[in-house]
Amino acid sequence: MAFEPPQRLVRALGETAADGDDWLRKLPETAQQAVALRELTVERVQVPGGRSSLVLLVRRADGTPAVLKLAPPRARPESERAALAHWNGLGAVQLLEPAAEDSALLLERLHPEMSVRSLPEAKALLEAAGTLRKLWVEPPEGHPFESVAGRTGRQAEAMRASAGADLAPLVDAALAAREELLAAPPERRLLHGTFRQSKVLAGDRMPWLAVGPDPVVGECAFDLARLVRDRVEDLIATPSGAATTRRRVKRLAESLDVDQERLRGWTLFRAVESGVRARRVGRPKDAELLLEFAAWL
C-alpha cells in the first residue's frame, strides 16, 4: 500500500520546513518500515489528517484496531510518547507501545470523525475543559519536557524579528504580558501544550480523550489559553464577539480554578504569536482573524 501524505500535511510542513528537511520525501518508506516492524495491517490513511503527522488506521496482529502516527523530529514525537505514557490513558489517548525502535507512535483507536468541536459551543467548552483538567498532573521526575518559559522564549524572539511596525503595539503588549506572567507562575504541571476542541475525540473506553499533545511544563493558564479562542472565525463574525470572548475567559477561568487575569494574559500572548506566525508563513486571512481577536483582550 502506498502511504502518500495528505495535502494538508504537505502544505503545513511546507510552511515550517527547514532547509534540507527530507522527512516528507522519506515518509512512504518510513511508514512501510513502521508497519512491518509491528506486523500491522493498514486499513487506510486518515484524511484530511493533521497538520504535523501522518496517521494510519491499522489493525494489530490479533485484529485489535489501532492508530499508527508518524511525525517529523521537529514535532517532538518522543516528547509526545513520554507524556502519553505518564498520563497512561487518563484523559488522553492510550499509548499501546511504551517503547519502540523508531519514533512512530502506536495508539488506541478513537473516533476521528467525532470531536468535541462537533458539539454545540457551550457543551463543547464544558467537555473540553473537563478533559483538560485530567491532564494537569505533576510531571515525572527527570522529565524530558521543555518549559513554558523556554518555548515562549523562542516564540518571542520570532515575534520580535518578523512583526512589522503596524503590529508593534500589539506585539509589545503580548511580550510585556509574557514577562509579567513568567515572573511568578502559580504552579508547575504537565500541560497538553496545543489543546483545543478538535484535539478531543470520542472514544470507547471513555467518552472524550485528548490527542496530539505537544507537551510542556508550566502553569495551567497557558494550556487553557488556546481553548479561549476556539471557533475564532465565529467570534469575529459576531457583533458581540468581543464581549463573548471576555465572558469566555471569565467562565473558563472560574470552571478550572485559574486566575482570570493570567488566563487573559496568556490568551493575548498566544493569539498574537499565532497571528504573527500566520502572517509570516503566508496565511493572511488567519493572521487577520487572530490579531483582531487579540486586540479584544
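Please read all numbers here as calculations on a predicted model, not as lab measurements.

Take the nonpolar core next. The biggest cluster of nonpolar side chains holds 74 residues, and the ones touching the most others in it are Leu224, Leu263, Val272 and Phe293. Leu9, Trp23, Leu40 and Leu54 belong to the second largest nonpolar core, which has 18 residues in total.

Before going further, it helps to spend a moment on the packing of aromatic side chains. Using the criterion set out here, one finds three aromatic pairs in the structure. When the centroid spacing of 5.2 Å and the interplanar angle of 90 degrees are considered together, the rings of phenylalanine 222 and tryptophan 266 count as edge-to-face. Here phenylalanine 222 is found in helix H7 (residues 220–228), whereas its partner tryptophan 266 is found in helix H10 (residues 260–280), with 44 residues between them in sequence. One exposure class covers both phenylalanine 222 and tryptophan 266, and it is buried. Taken together, Phe222, Trp266 and Phe269 form an aromatic cluster joined through their ring pairs. Positioned above the aromatic ring of phenylalanine 222, the side-chain terminus of arginine 270 is 4.2 Å from the ring centre.

This next bit is on the pattern of salt bridges. This structure, assessed with the given rule, holds 27 salt bridges. The partner of lysine 69 in a salt bridge is glutamate 80, with the nearest N and O atoms 3.0 Å apart. On the criterion of sequence distance, the pair formed by lysine 69 in strand S3 (residues 65–70) and glutamate 80 in helix H3 (residues 77–87) is long-range, its members being eleven residues apart. Of the residues examined, lysine 69 reaches a relative accessible area of 11% and is grouped as buried. The partner of glutamate 146 in a salt bridge is arginine 154, with the nearest N and O atoms 2.8 Å apart. A residue is classified by how much of its surface remains accessible, and glutamate 146, at 19% relative accessible area, is buried. Classification of arginine 154 by relative accessible area gives partly exposed; the value is 44%. One continuous salt-bridge network, built from bridges that share partners, spans Arg76, Glu146, Arg151, Arg154 and Asp214.

Right, let's get into the packing of H7 against H10. It is the contact of H7 with H10, at a shortest axis distance of 8 Å, that shows an interaxial angle of 65 degrees. The handedness of the crossing between H7 and H10 comes out as right-handed. Two secondary-structure elements touch here, H7 through Ala221, Phe222, Asp223, Leu224, Ala225, Arg226 and Val228 and H10 through Arg262, Leu263, Trp266, Thr267 and Arg270. Counted by class, the contact of H7 with H10 contains seven nonpolar, one polar and four charged residues.

Moving on, we get to the packing of helix H4 (residues 121–135) against H7. Each pair of packed helices can be summarised by the angle the axes make with each other and by the distance between the axes. Remark: H4 packs on H7, axes separated minimally by 11 Å, with the N-to-C direction vectors making an angle of 160 degrees. What the angle tells us is that H4 and H7 run roughly antiparallel. In this structure, H4 crosses over H7, and the sense of that crossing is right-handed. Across the interface between the two elements, Leu125, Ala128, Ala129 and Leu132 from H4 touch Asp223, Leu224 and Leu227 from H7. The residue makeup of the contact of H4 with H7, split by class, is six nonpolar, no polar and one charged.

Before going further, it helps to examine the sheet that holds strand S1 (residues 41–45). The pairing of strands in a sheet comes from backbone hydrogen bonds and takes either a parallel or an antiparallel form. Taken in spatial order, the four strands of this open sheet run S1-S2-S3-S4, and their pairing is antiparallel. Single-partner strands in this sheet number two, and they are S1 and strand S4 (105–108). Here the average twist between neighbouring strands, direction ignored, is 35 degrees. Where S1 meets strand S2 (residues 54–59), four bridges bridge the pair, whose relative direction is antiparallel. Residue valine 45 lies in a different strand from S2, and its bridge partner there is leucine 56.

Conventions we followed
Residues numbered from 1 in each chain as written. Predicted model: local features only at pLDDT ≥ 70, side-chain atom pairs only at ≥ 80, totals over all residues. Heavy atoms only, no water. Core = buried A, V, L, I, M, F, W, Y, C linked by side-chain atoms within 4.5 Å. Buried < 20%, exposed > 50% of the residue type's maximum accessible area, 1.4 Å probe, protein only. Phe/Tyr/Trp six-rings, centres within 6.5 Å; stacked < 30°, edge-to-face > 60°. Helix = DSSP H or I, 4+ residues; strand = E, 2+ residues; numbered from the N terminus. Lys NZ or Arg CZ within 6 Å of the ring centre and 35° of its normal. Salt bridge = Lys/Arg side-chain N within 4 Å of Asp/Glu carboxyl O. Axes fitted to C-alpha atoms, helices over the stretch in contact; angles between N-to-C directions. Left-handed = near helix turned anticlockwise from the far one by under 90°. Contact = heavy atoms within 4.5 Å. Nonpolar A, V, L, I, M, F, W, Y, C, P; charged D, E, K, R; others polar. Parallel < 35°, antiparallel > 145°, perpendicular 65-115°, else oblique. Pairing = 2+ DSSP bridges.

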